[in-house]
Amino acid sequence: MICMIPIYSGTFTFFVDTLVRWGVEITFIDVDAEGDNLVQAVEKAMKPNTKLVFCEIFGNPTVSIPDVLGTIEVAHKHNAIYLIDTTFASPYIVQPIKFGADLVLHSCSKYLGGHTDIIGGCVTCRDEANWGRLKSQQLTTGSSMSPFDASLLARGIKTLAIRLDRISDNAMIVAQHLEKHPKVKWVKYPGLESHPGHKYANQMMSKFSGMMAFDVGTAEKATKLVENLRIIVHSISLGGTESKIEHPLSMSHGKQLITKGWPGTIPEGMLRFSIGLENPNDIIVDLDQALEKI
Ligand SMILES: Cc1ncc(COP(=O)(O)O)c(C=O)c1O
């Protein structure tokens, strides 16, 4: 398989600890490093035994944006299945099956549930044969949600559109503010024209969800910033009602991944930020007072 990175650390660990033991060979391709050469890099990495091409709509944690339409075309040219994890955007923001993806994966624990109080996941299929195979796996391995969690998920989905409208609007305001802040080296938000992958996001969506990454220079400054926040929660989860921030190099994408051979680069001063439903002015005031202290 071909796996574009960065990706969620749990998916990476599943690939290198479990899939590899099942005989799966993985070629990693770095979306941030390849930039506009990504399609050619995927084409070059294709082997006669390549069966699957995988990516995330916005890579976790750097919020990189792959050329999804271009890489779907390459996968299909070589008869490979295209699987995309769209957790960071939600199905309200983008429906990759419309653009040719074969399988779409979501963590329902994030935007779909929306309140950070359930664990769940789903896969959507374009093809009925794949659906049948997955359904059989689900039944035989017992991966079913409890009725209570399912009811919370069903309740969460009712407000998905309203939440994602507000979250996307908030995120744009906050990203524009951070982009001008003298203590911030760079901001990567899919809705900003300065994001190198903005053109690819624009091909598929008109709102850009609530995930962004920004860099304050050093790990020390990043840690100090999160310690001084008052409203924004220092936590590894995302996609809920509250704004949440984490320092990937010491949390989600830290030492443990590096010892497993993580093939990408995580900037030491980078923070991953999930914007919530608060008043955007409150988010900005909180960020500004914490930025003042670093
Ligand atoms: C992109 C992405 N996919 C999948 C997951 C898995 O989520 P969970 O197992 O918590 O539902 C996560 C978790 O952070 C994620 O960021």
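The text that follows walks through the structure, step by step, so that each part is easy to find. (Residues numbered from 1 in each chain as written. Predicted model: local features only at pLDDT ≥ 70, side-chain atom pairs only at ≥ 80, totals over all residues. Heavy atoms only, no water.)

1. Some points on the side chain of Asn170
Link 1 in the chain: Turning to its location among the elements, Asn170 is positioned in helix α9 (residues 160-180).
Link 2 in the chain: Taking the relative accessible area as the measure of exposure, Asn170 reaches 2% and is therefore buried.
Link 3 in the chain: Residue contacts for Asn170: discarding those within four places in its chain leaves Ile275, Gly276, Leu277, Glu278, Pro280 and Ile283. (Helix = DSSP H or I, 4+ residues; strand = E, 2+ residues; numbered from the N terminus. Buried < 20%, exposed > 50% of the residue type's maximum accessible area, 1.4 Å probe, protein only. Contact = heavy atoms within 4.5 Å.)

2. Considerations on the site of the ligand
Link 1 in the chain: Taken together, the neighbourhood of the ligand is formed by Tyr8, Glu56, Asn60, Asp85, Thr87, Phe88, Ser107, Ser109, Lys110 and Gly120.
Link 2 in the chain: At a separation of 2.5 Å, an oxygen atom of the ligand approaches a polar side-chain atom of Ser109.
Link 3 in the chain: When the free accessible area of the ligand is taken as 400 Å², the share hidden by the protein chains comes to 80%. (Near = heavy atom within 4 Å. Polar contact = N/O pair within 3.5 Å; in protein donor to acceptor, adjacent residues only side chain to side chain. Areas by Shrake-Rupley, 256 points an atom, 1.4 Å probe, with all protein chains shown as cover.)

3. Quick notes on the packing of aromatic side chains
Given two aromatic rings, one states the distance between the centres and the angle between the planes to describe the pair.
Link 1 in the chain: Counted according to the given criterion, the structure contains six aromatic pairs.
Link 2 in the chain: Ring centres of Phe12 and Trp262 lie 5.1 Å apart, and the angle between their planes is 80 degrees; this geometry places the pair in the edge-to-face category. You can see Phe12 sitting in helix α1 (residues 9-19) and its partner Trp262 sitting in the loop between α12 (255-259) and β11 (270-274), a full 250 residues away along the chain.
Link 3 in the chain: A relative accessible area of 0% means that Phe12 is categorised as buried.
Link 4 in the chain: Here Trp262 falls in the buried class, since its relative accessible area comes to 9%.
Link 5 in the chain: Between the aromatic rings of Phe14 and Trp22, the centroid separation amounts to 6.3 Å while the plane-to-plane angle is 85 degrees, which identifies the pairing as edge-to-face.
Link 6 in the chain: For Phe14, a relative accessible area of 38% puts it in the partly exposed group.
Link 7 in the chain: Overall, Trp22 belongs to the exposed group, its relative accessible area being 61%.
Link 8 in the chain: Here Lys188 stacks its cationic end above the ring of Trp186, 5.2 Å away from the centre of that ring. (Phe/Tyr/Trp six-rings, centres within 6.5 Å; stacked < 30°, edge-to-face > 60°. Lys NZ or Arg CZ within 6 Å of the ring centre and 35° of its normal.)

4. Some points on the sheet that holds strand β8 (residues 211-215)
Link 1 in the chain: Strand order in the open sheet formed by five strands is β7-β8-β11-β10-β9, with mixed pairing between adjacent strands. The open sheet has two edge strands with one neighbour each: β7 (186-188) and β9 (233-234).
Link 2 in the chain: Bridge analysis of β9 against strand β10 (residues 244-246) gives two bridges, and the strand direction is parallel. If you follow Val233 over to β10, its bridge partner there is Lys244.
Link 3 in the chain: Contacting β8, β9, β10 and β11, helix α11 (residues 219-228) crosses the sheet at an angle of about 35 degrees to β11. (Pairing = 2+ DSSP bridges. Axes fitted to C-alpha atoms, helices over the stretch in contact; angles between N-to-C directions.)

5. Quick notes on unusual backbone geometry
Link 1 in the chain: Across the junction of Ile5 and Pro6, the peptide omega takes the value 5 degrees, indicating a cis bond.
Link 2 in the chain: Note that Pro6 resides in the loop between β1 (2-5) and α1.
Link 3 in the chain: Omega for the bond connecting Asn60 with Pro61 falls within 30 degrees of zero, at 15 degrees, which places this linkage in the cis form.
Link 4 in the chain: Even without being glycine, Ser90 reaches a positive phi, approximately 80 degrees.
Link 5 in the chain: Here Ser90 lies in helix α5 (residues 90-93).
Link 6 in the chain: Residue classification places Ser90 among the buried positions, given a relative accessible area of 1%.
Link 7 in the chain: Positioned with a positive phi, Thr116 is a non-glycine residue whose angle comes to about 50 degrees.
Link 8 in the chain: Residue class for Thr116 comes out partly exposed when judged on its relative accessible area of 33%.

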